[in-house]
Amino acid sequence: MTEQHEKHHIVVGVEGSGGAASALRWAMREASAHGSVVEVVTAYSPTYGAASPDFNYVPLDPKQLKAEVARMQDRVVNQVLDLVDASDVEVIRTMTKGRPVDSLIEASKHADMLVVGSRGRGGFRGLLLGSVSQQLAQHAACPLVIVRPDLLVDHLL
């Protein structure tokens, strides 16, 4: 661990899904119980939007995209903070340009634990390429926790 992260360091992948919110909720409770720092990592890639009815696509403005991703990350973090008593937990918000799995593997190199939801926004593409959680299980540099939202029951945590 680096000097910046002397405390136990938990990295959580957040991309706006309910599964990611459940993972963050679990991580916040874990961090509160063990005096950990939580780093919320959100990856984004250049995105294209329809420019005309004949399906021509143009790249979205990178500054606008980054601002939208930051708003999504803030929304998820704030919603979870409203649900969990974790005022003692330091939260670091990180955004990285690139593929989620690559960004999380890199973040796992300075973490004590990596937490993700079991279902994100992968859809059909995720089935073709393999899920992020499956790739993280094979390549993360620290222990991985995959949170199933259907098992996140308040009275058990």
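Everything numeric here is computed off the predicted structure, so don't read it as measured data. (Residues numbered from 1 in each chain as written. Predicted model: local features only at pLDDT ≥ 70, side-chain atom pairs only at ≥ 80, totals over all residues. Heavy atoms only, no water.)

Visitor: I would appreciate a short explanation of the overall build of the protein in the present structure.
Guide: The helix and strand tally for the protein stands at five helices and seven strands. Start at the N end of the protein and walk to the C end: the helices and strands fall as β-α-β-β-β-α-β-α-β-α-α-β. Classification of the 157 residues of the protein by burial places 36% in the buried group. Across the protein, contacts joining residues at least 24 apart in sequence account for 76% of those joining residues at least 6 apart. Accessible surface for the protein amounts to roughly 9,400 Å². Of this, 54% is attributable to carbon and sulfur atoms. (Helix = DSSP H or I, 4+ residues; strand = E, 2+ residues; numbered from the N terminus. Buried < 20%, exposed > 50% of the residue type's maximum accessible area, 1.4 Å probe, protein only. Contact = heavy atoms within 4.5 Å. Areas by Shrake-Rupley, 256 points an atom, 1.4 Å probe, with all protein chains shown as cover.)

Visitor: Which parts of the structure should I look at to understand the pattern of salt bridges?
Guide: Pairs can form between side chains of opposite charge whenever their charged atoms are close. According to the stated counting rule, one finds four salt bridges in the structure shown. The salt bridge involving Glu-68 is made with Arg-71; its shortest N-O contact spans 2.7 Å. Of this pair, Glu-68 and Arg-71 both sit in helix H2 (residues 62–83), three residues apart, roughly one helical turn. Note that Arg-99 is salt-bridged to Asp-102, the shortest N-O span being 3.7 Å. (Salt bridge = Lys/Arg side-chain N within 4 Å of Asp/Glu carboxyl O.)

Visitor: Explain the packing of helix H1 (residues 18–34) against H2 here, please?
Guide: How two helices sit against one another is set out by the angle between their axes and by the gap between those axes. Interhelical geometry of H1 versus H2 gives an angle of 50 degrees and a closest axis separation of 10 Å. The pairing of H1 with H2 is recorded here as oblique in orientation. In the packing of H1 onto H2, the handedness of the crossing is right-handed. Along its contact with H1, which presents Ala-21, Leu-24, Arg-25, Met-28 and Arg-29, the element H2 presents Val-76, Val-77, Val-80, Leu-81 and Leu-83. Partitioning the contact of H1 with H2 into residue classes produces eight nonpolar, no polar and two charged. (Axes fitted to C-alpha atoms, helices over the stretch in contact; angles between N-to-C directions. Parallel < 35°, antiparallel > 145°, perpendicular 65-115°, else oblique. Left-handed = near helix turned anticlockwise from the far one by under 90°. Nonpolar A, V, L, I, M, F, W, Y, C, P; charged D, E, K, R; others polar.)

Visitor: What am I meant to see in the packing of helix H3 (residues 100–108) against helix H5 (residues 132–139) here?
Guide: Close contact between H3 and H5 brings their axes to 10 Å; oriented N to C, the two are set at 35 degrees. The handedness of the crossing between H3 and H5 is right-handed. Where H3 abuts H5, its residues Val-101, Leu-104 and Ile-105 lie against Val-132, Gln-135, Leu-136 and His-139. Here the contact of H3 with H5 is built from residues that sort into five nonpolar, two polar and no charged.

Visitor: Help me understand the pairing of strand S2 (residues 37–44) in this model?
Guide: Regular strands place their side chains on alternate faces of the sheet. In terms of burial, S2 is a largely internal element, seven of the eight residues being buried. By the bridge criterion, five bridges tie strand S1 (residues 9–13) to S2 in an arrangement that is parallel. Within S2, the position partnered with His-9 by the bridge is Val-37. For the crossover from S1 across H1 to S2, the handedness is right-handed. (Pairing = 2+ DSSP bridges. Right-handed = clockwise from strand over helix to strand, strands pointing away.)

Visitor: What is the right way to read the environment of Val-37 from this model?
Guide: Turning to its location among the elements, Val-37 is positioned in strand S2. Every residue in contact with Val-37, bar those within four places of it in the chain, is listed here: Lys-7, His-8, His-9, Ile-10, Glu-90 and Ile-92.

Shape is all these values report; function is a separate question.
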